[in-house]
Amino acid sequence: MADTLPLDSAANARHGSSIGQPLTRRDGVLKVTGQARYAADNHPPGLLHAVLAVSRIARGRVAFLDLAAAKAHPGVVEVMTPANRPLLAQDPDEKQGPFSFRLDLLQNDHVRYAGQPIAVVIAETLEAATEGATLLAPRYEAESTRLGLDAGEAFVPPAIGAGSPPEVRHGDIEAGLAGAAHRIEATYETPAQYHNAMEPHAIVASWDGNRLLVDTPSQGLAWARARLAGLFGIAPEDVHVRSPFLGGGFGSKGLISGPQILGAVAARMVGRPVKLVLRREQMYGPVGHRAPTQQVLRLGAAPDGGLTALAHHVRTVTSSFDDFYEAACDVSHTLYASPAIVTTADAVRVDTGTPIFMRAPGEASGSIALESAIDEMALACGMDPLEFRLRNYAEVEPISGKPFSSKALRECYRQGAERFGWAGRPLAPRQMRDENGLLVGWGLGTATFPAIMFQGQARAVLRRDGSGLAELGAQDMGQGAWTALAQIAADSLGLPLARLEFRAGDSNLPDAGIAGGSGHTATAGTALHSAGADAIGKLAALAMADERSPLFGAGNAGVIAREGMLLRRDDESRGESFAAILGRAGLEEVEGRGHGAADAAAQEHYAMHAHGAVFAEVKVDPELGQIRATRLVGAFAAGRIINPRLVRSQYYGGMIWGVSFALHEKAVLDRRSGRVMNADLAEYHVPVNADVPSLEAILVEEIDPHVNPLGVKGVGEIGITGSAGAVANAVWHATGIRPRRFPIGPEALIGGAPG
Amino acid sequence: MSLSITLTINGTPRTVELDDPRVTLLDLLRERLDLTGTKKGCDRGQCGACTILLDGRRVNSCLALALSHDGAEILTIEGLADGEACHPIQAAFIAHDAFQCGFCTPGQIMSALGLIQEGSAGDDPERVREGMSGNLCRCGAYRGITEAVLEAQQRMSRDAREEVA
Amino acid sequence: MNRFDYIRPATVTEAIAAAAIPGSAYLAAGTNLIDLMKGGVLRPERLIDINHIPGLDRIEHLPDGGVRIGAQLRNADLAADPDFARRFPAIAEALLSGASAQLRNAATLGGNLLQRTRCAYFYDTASACNRRQPGSGCDARGGENRLHAILGWSDACIATHPSDLCVPLAAFGATLEIEGRDGRREVALEDLHRLPGEAPEQESVLAPGELIIALRLPAEAATFAPHARYIKLRERTSYAFAVVSAAAGLRLEGGVITEARLALGGVAAKPWRAEAAERALTGAPPDAASFGRAAEAALAEARPSGDNAYKIELARRILVRALTLAAAGTPERLPALPASPFAPLPGGRPHG
Ligand SMILES: Cc1cc2nc3c(=O)[nH]c(=O)nc-3n(C[C@H](O)[C@H](O)[C@H](O)COP(=O)(O)OP(=O)(O)OC[C@H]3O[C@@H](n4cnc5c(N)ncnc54)[C@H](O)[C@@H]3O)c2cc1C
Ligand code: SF4
Ligand code: FES
Ligand code: FES
């Protein structure tokens with residue numbers, strides 16, 4: 001099974017609508033039996049193994065590689081360096097559009113960050129290639145490393161994030177601050193973080209003449225195909241990218257990375273299939289990361305707790321050679337009502353790989369700072385953090401003044417608070433202990449993420465045997481596209497899921513847009529929805545024009561499709577099966593095509609965001625400062641829920657990322673060398689099972705008539721936002737110490753009064 | 001140099017000729033025996049994705065030198081299901097949505113089997129969480145994993161009792 | 001990883017003979033050795049696989065009440081031995097707080113004792129490291145060193161020893177049986193690891209090719225069983241090395257401490273037995289004041305080696321905690337989260 005899932009097992013079959021059903025994953029059996037084939041599981045005949053050699057300096061040039069030693073190692077077939085790398089049709093340093101980044105494809109001997117690929121060793125075995133890479137023992141001419149938020153002169157970039165303005169001013173901020181009864185100003189720091197999907201970036205590439213076949217995890221098949229075609233100077237149709245399963249992506253597999261492409265270059269060079277898999281430590285360089293930030297929040301509030309001013313400044317970093325700016329301040333545009341809001345961003349250039357989108361880009365970093373500041377202000381006003389947030393509830397989007405297409409945040413606060421048991425929480429910190437004497441704290445954070453849509457296409461087919469097919473180049477990185485999109489497709493075709501063949505994960509299928517920005521279900525789902533409608537429309541036209549059909553002349557009344565039948569809308573006892581219609585028409589199938597994209601008119605009129613409220617309990621050892629997030633309750637409203645089982649999992653995952661943001665993960669960079677000193681999974685801490693003993697996600701009903709025809713917002717990223725701040729605020733509530741530097745380590749807490 | 005070892009893999013005895021002493025059990029399974037269900041997440045004992053049962057015990061196959069395990073019995077994810085029928089742990093993982101991307105899943109499931117056979121966690125969720133903490137899941141499927149292990153554990157002990165009866 | 005010759009001796013004698021050739025290394029489970037070889041940190045030319053030597057993995061309860069444990073026993077198996085865990089609960093707890101279940105199933109006792117530091121600069125072959133490459137310098141100085149040593153370090157090296165197991169072993173007076181070409185000898189566990197001084201590359205007192213055969217605990221060590229604990233501060237709830245840790249054992253008679261055993265982990269290049277603190281406790285009541293005095297005594301010589309002054313305070317506090325827990329009594333069953341501050345407490349509230 002490369003790109004298609006078999007018809008469904010009986011257990012999955014449901015009657016009536018598929019959308020909304022908590023179906024188990026259709027790819028579940030493949031995944032629990034080890035049969036799901038991830039990129040690195042492919043093994044075409046004649047395969048060679050390639051291993052990267054990466055730079056250990058952060059700036060300078062490679063002066064020497066011991067090619068002789070590497071080549072002398074038994075099994076080594078070839079060493080690819082800037083000196084012999086096959087020519088490419090494009091300069092990897094040339095930007096090919098707004099979402100294109102400069103790549104390191106051995107174009108020269110310059111080094112611009114630690115971990116940059118400097119050679120590729122190709123060998124008969126993985127062992128030989130790995131040792132060959134070590135034997136290259138590079139020597140460098142190193143220049144001094146520029147690192148840290150003070151590495152150089154800060155500048156204001158032309159745009160931040162995915163293209164938002166670096167400065168937004170609304171109202172008179174200084175007046176708002178000057179006139180405030182309560183003011184706070186606080187600086188928060190967030191570290192560099194690395195996506196660290198469990199599946200390292202991998203590629204298996206083979207060439208057939210000028211045609212390229214690659215198995216590689218991709219959150220954006222069409223972009224990957226276009227990038228490969230451009231670089232190799234071949235037609236996109238001659239590039240075939242298969243990515244049925246991704247072992248996680250989180251943004252780092254959105255754009256095909258340099259190392260993946262180098263695998264294909266290596267295959268070209270040796271004329272044999274090549275597998276290249278990144279070593280874990282090599283994922284701390286050329287495949288993106290979340291940039292560190294320093295954020296200054298200045299808030300003013302009136303005596304009644306109403307915000308009078310909200311200023312959010314972010315200083316971040318980008319690489320010395322490309323541009324990506326963590327838009328951490330943007331979260332302040334939409335969340336809380338304030339007559340004056342100012343967000344500003346600046347950046348410095350450092351000698352690291354280029355940062356990139358990472359799960360809840362901008363929002364995650366911004367949210368932990370904003371939610372902490374809001375908590376600080378609630379305290380300054382002597383108000384309960386929930387009451388304070390309700391006091392500043394944004395009824396319309398604060399800066400634009402647009403109404404929300406839907407916003408059930410109030411209900412999220414209510415249901416979350418009730419479930420968590422928030423009522424009665426003492427205002428003052430350090431008031432609660434558990435039976436073992438551990439400090440207990442409760443914190444709250446508001447979650448938010450924009451409802452984004454990309455462009456996507458889909459194809460749907462109704463067949464004479466009564467079955468259907470839906471296909472598109474959608475990507476499942478764990479969010480459940482194989483299941484949720486099939487549910488949408490089945491409904492759009494009026495078929496039970498068991499009668500639908502569903503294909504995805506292949507670049508030869510219609511471009512379904514990128515799986516990212518929490519916009520994939522909305523985009524690809526809308527495309528499927530309209531493809532299904534198109535197919536049904538064609539089928540209906542056949543029937544209504546045919547005197548022999550009970551639907552003949554249904555014209556104005558219209559028809560509905562259900563369970564493989566077309567029925568008259570005005571009289572559901574009259575209808576016939578898809579098979580009968582096609583059979584009589586002598587057709588094997590009818591085909592529908594669909595397109596999904598944001599509705600510009602609706603966007604013009606409405607602000608579109610998902611929302612949520614996360615309540616966290618932490619326990620802190622009063623003397624040792626070790627922290628555990630013992631309980632999280634999140635209530636989220638994200639429009640229509642296609643599959644509640646999968647959506648809950650997305651929320652849990654996001655909430656755990658929030659815990660990780662607040663308490664665990666951080667890349668430790670040596671400022672002298674520019675190397676990440678914990679480039680592994682032992683010291684780069686992500687939460688383990690024991691770190692998250694209790695999680696609950698409440699799906700708050702929200703009907704959104706505007707966001708798209710399905711009413712779907714995204715659920716993949718919102719869980720981090722709110723959660724990270726809730727945990728940080730809970731730590732404050734437990735200890736009385738306000739964490740402003742993340743993740744929160746024991747040294748931050750033991751300064752406090754012992755016991 | 002050719003070094004020959006015998007292993008019993010998923011019930012089948014196999015003689016393996018190794019041309020290289022460096023091969024780990026993980027790379028042997030994945031790159032030489034086409035048993036790619038076992039995953040490599042870190043190759044350094046830090047993530048648990050490569051967990052297999054080695055002589056009945058869960059271990060990280062990435063740090064185990066194949067040569068050193070001559071004569072060993074190995075169970076991988078491919079050997080768990082009984083024909084078409086999922087093992088109770090596999091079924092519970094599906095039912096509790098105990099995975100998302102699925103990459104850590106073979107390791108989680110083999111680790112769960114090891115944990116249940118060790119018999120020290122019982123039905124205490126906290127012991128299950130601790131016992132499963134050697135398997136990272138970046139997607140964050142921990143809640144489902146814990147639930148699935150608890151349910152499978154119950155079912156397996158019930159099945160065992162019924163067998164005895 | 002470099003290519004190497006693989007040798008599989010059948011006896012201790014064969015093993016020792018094989019290891020006599022320079023460039024040899026013993027392979028136990030390999031969870032540290034293979035890891036370091038994958039990182040290019042170690043490049044031995046010959047691996048002497050000691051896993052197939054019979055008889056090195058037994059637990060023997062000796063007539064004098066002591067216990068002798070083969071060096072090849074797996075960490076998990078020692079912790080799971082009910083007799084052992086009952087008599088030496090702090091050691092079992094330390095074992096179960098280390099690494100992951102998978103690693104403990106593989107890792108041997110000998111390998112655990114001789115595992116190398118986790119200093120990131122030791123692991124990073126592009127960094128200067130006196131321990132890895134004598135005379136090259138120490139990039140941890142002036143680098144990222146918030147987890148480095150606060151006791152016993154030198155200008156040449158500020159690394160810590162990462163083992164949990166070693167901490168209670170040092171506290172309870174374990175000894176090692178070592179065999180080399182010159183025959184058998186015994187070494188106190190406390191003397192196994194060397195402090196860095198001028199020569200951090202000399203990590204232990206073992207001569208090249210010497211093999212740890214067994215580990216012994218004296219009968220007396222079991223007398224602390226009713227009041228013996230291990231506690232470990234980590235940056236996540238499980239599967240993490242200690243920031244600091246402590247093992248404590250008390251003998252209490254008539255409301256007074258008649259003997260105390262204390263050691264710290266994560267603070268020095270060896271498990272740090274705190275004898276001055278032990279002495280300070282003898283004859284004292286098991287209360288906060290005595291524990292505080294003991295902690296002061298234990299850390300009297302501590303100094304930060306970098307951004308880690310906080311660890312001195314943490315080490316004091318974890319000693320007090322370990323003593324408090326030990327005084328409260330060893331729990332019937334090891335907690336679900338061994339050695340964790342989040343483990344429920346049998347004796348009520350020892351926290352502040
Ligand atoms: C991700 C990770 C997390 C970990 N976390 C912890 C933790 O929290 N706490 C902790 O204590 N440990 C931890 N460890 C370390 C682990 O405990 C050790 O790797 C393990 O104990 C080593 O045992 P081994 O049998 O694999 O030794 P090997 O790797 O085989 O050997 C280690 C060294 O000891 C030598 N050696 C082995 N046996 C003998 C002998 N009998 N005589 C002489 N020399 C010998 C070898 O030559 C080698 O130099 C962790 C390891 C990993 C990978
Ligand atoms: S502290 Fe020791 S181990 Fe670490 S770099 Fe310095 S010399 Fe090497
Ligand atoms: S691959 Fe073996 S533990 Fe990560
Ligand atoms: S399911 Fe993706 S890492 Fe666990």
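Treat the numbers as computed from the prediction; the structure is a model and nothing was measured. (Residues numbered from 1 in each chain as written. Chains lettered and ligands numbered in written order. Predicted model: local features only at pLDDT ≥ 70, side-chain atom pairs only at ≥ 80, totals over all residues. Heavy atoms only, no water.)

Enquirer: How should I be thinking about the site of ligand 1 in this particular structure?
Expert: Close to ligand 1 lie 34 residues; Tyr26(C), Gly30(C), Thr31(C), Thr108(C) and Asp164(C) are nearest. Those chains with residues close to ligand 1 are chains B and C. Here Gly30(C) contributes a backbone N or O atom positioned 2.7 Å from an oxygen atom of ligand 1. One of the side-chain nitrogen or oxygen atoms of Lys232(C) is found 3.0 Å away from an oxygen atom of ligand 1. For ligand 1, whose free accessible area comes to 970 Å², the fraction covered by protein is 95%. (Near = heavy atom within 4 Å. Polar contact = N/O pair within 3.5 Å; in protein donor to acceptor, adjacent residues only side chain to side chain. Areas by Shrake-Rupley, 256 points an atom, 1.4 Å probe, with all protein chains shown as cover.)

Enquirer: What is the right way to look at helix H5 (residues 89-97) of chain C in this model?
Expert: The periodicity of an α-helix, 3.6 residues per turn, causes residues three or four places apart in sequence to face the same way. Residue and element names in this part refer to chain C. A large share of H5 lies buried, amounting to eight of its nine residues. The complete set of buried residues in H5 reads Pro-89, Ala-90, Ile-91, Ala-92, Glu-93, Ala-94, Leu-95 and Ser-97. Positive phi shows up at Ala-99, right after H5, with a value of about 50°. (Buried < 20%, exposed > 50% of the residue type's maximum accessible area, 1.4 Å probe, protein only. Helix = DSSP H or I, 4+ residues; strand = E, 2+ residues; numbered from the N terminus.)

Enquirer: How do you make sense of the sheet that holds strand S3 (residues 51-54) of chain B when you look at a structure like this?
Expert: Strand pairing in a sheet relies on backbone hydrogen bonds, with the paired strands running either antiparallel or parallel. All names here are of chain B. In spatial order, the strands read S2-S1-S5-S3-S4; together these five strands make up an open sheet with mixed pairing. A strand with exactly one partner marks an edge of an open sheet, and here the two such strands are strand S2 (12-18) and strand S4 (57-60). The sheet shows a mean angle of 40° between the axes of neighbouring strands, taken without regard to direction. With two bridges connecting them, S3 and strand S5 (residues 73-75) associate as antiparallel partners. Paired with Leu-53 across the strands is Leu-75, a residue of S5. Across the sheet, helix H3 (residues 105-118) lies against S3, S4 and S5, angled at about 40° from S3, the strand it touches most. (Pairing = 2+ DSSP bridges. Axes fitted to C-alpha atoms, helices over the stretch in contact; angles between N-to-C directions. Contact = heavy atoms within 4.5 Å.)

Enquirer: Looking at this model, I keep getting lost on the environment of Ala635(A). Mind explaining?
Expert: On the secondary structure map, Ala635(A) appears in strand S27 (residues 627-637). If sequence neighbours within four positions are ignored, Ala635(A) has contacts with Cys412(A), Gly416(A), His611(A), Gly612(A), Ala613(A), Ile698(A) and Val700(A).

Enquirer: I keep staring at the UniProt feature "domain: FAD-binding PCMH-type" (unreviewed entry) in chain C and nothing clicks. Help me out?
Expert: The feature "domain: FAD-binding PCMH-type" (unreviewed entry), as annotated in UniProt, sits at residues 1-222 of chain C in this numbering. Structurally, residues 1-222 of chain C comprises 27% helix and 17% strand, and the distance from its first C-alpha atom to its last is 43 Å. (UniProt positions renumbered as here; feature names shortened; annotations may be inferred.)

Enquirer: Whenever I open this one, the site of ligand 2 confuses me. Can you help?
Expert: Among the 13 residues in the neighbourhood of ligand 2, the closest are listed as Cys119(C), Cys129(C), Cys138(C), Cys157(C) and Ile158(C). Its residues placed into classes, the shell around ligand 2 shows eleven nonpolar, one polar and one charged. (Nonpolar A, V, L, I, M, F, W, Y, C, P; charged D, E, K, R; others polar.)

Enquirer: Help me out: how do you make sense of the pattern of salt bridges in this one?
Expert: Pairs may arise between side chains of opposite charge once their charged atoms sit close together. The tally for this structure, following the rule as stated, stands at 100 salt bridges over all chains. A salt bridge links Arg3(C) to Asp20(B); the nearest nitrogen and oxygen atoms lie 3.5 Å apart. With Arg3(C) in the segment before strand S1 (5-7) and Asp20(B) in the loop between S2 and helix H1 (25-32), this pair bridges two chains. The partly exposed category is assigned to Arg3(C), whose relative accessible area is 29%. Here Asp20(B) falls in the buried class, since its relative accessible area comes to 3%. Among the salt bridges present, the one from Glu259(C) reaches Arg251(C), with a minimum N-O distance of 2.5 Å. Each of Arg459(A), Arg463(A), Glu471(A), Glu501(A), Arg503(A), Glu591(A) and Arg593(A) takes part in salt bridges that share partners, so that together they form one network. (Salt bridge = Lys/Arg side-chain N within 4 Å of Asp/Glu carboxyl O.)

Enquirer: Explanation requested: the packing of aromatic side chains in the structure shown.
Expert: For any pair of aromatic rings, geometry is given as the distance between the ring centres together with the angle between the planes. Inspection of the entire model under this criterion finds 23 aromatic pairs over all chains. Judged by centre distance (5.7 Å) and plane angle (25°), the rings of Phe99(A) and Trp223(A) are stacked. One end of the pair, Phe99(A), is in the loop between strand S4 (76-80) and strand S5 (110-111); the other, Trp223(A), is in helix H5 (residues 221-232), and 124 residues separate them in sequence. The class of Phe99(A) is partly exposed, set by a relative accessible area of 31%. For the ring pair Phe99(A) and Phe357(A), a centre distance of 5.9 Å and an interplane angle of 55° mean the geometry is tilted. Of this pair, Phe99(A) sits in the loop between S4 and S5 while Phe357(A) sits in the loop between strand S16 (341-350) and helix H7 (363-380), and the two are 258 residues apart along the sequence. In this structure, Arg138(B) is placed above the aromatic ring of Trp657(A), and the distance from its NZ or CZ to the ring centre is 3.9 Å. (Phe/Tyr/Trp six-rings, centres within 6.5 Å; stacked < 30°, edge-to-face > 60°. Lys NZ or Arg CZ within 6 Å of the ring centre and 35° of its normal.)

Enquirer: Please explain the domain arrangement of chain B as it appears in this structure.
Expert: Reports of interface size often rely on the accessible area that becomes lost once the parts have come together. Residues and elements named next belong to chain B. Structurally, chain B comprises domain 1 (3-79) and domain 2 (88-164). On a C-alpha basis, the centroid separation for the pair domain 1 and domain 2 is 22 Å. The partner domain 2 presents 16 residues to the 16 residues of domain 1 that form the contact. Note on domain 1 versus domain 2: buried area summed over both sides is about 1,200 Å², and carbon and sulfur give 60% of it. When the buried area of domain 1 at its contact with domain 2 is split by residue, Lys-39, Arg-58 and Ile-77 rank highest and sum to 47% of it. Here domain 1 and domain 2 share one salt bridge between them. In this structure, Glu-118 engages Arg-58 in a salt bridge whose closest nitrogen and oxygen atoms are separated by 2.8 Å. Counting every contact that joins domain 1 to domain 2 gives six residue pairs in polar contact (both at pLDDT 80 or more). Here the side of domain 1 that touches domain 2 takes three residues from S3, the largest share from any one element. A per-class count over the side of domain 1 that touches domain 2 returns six nonpolar, seven polar and three charged. (Domains from an automatic or database assignment. Buried area = accessible area lost by both parts, 1.4 Å probe.)

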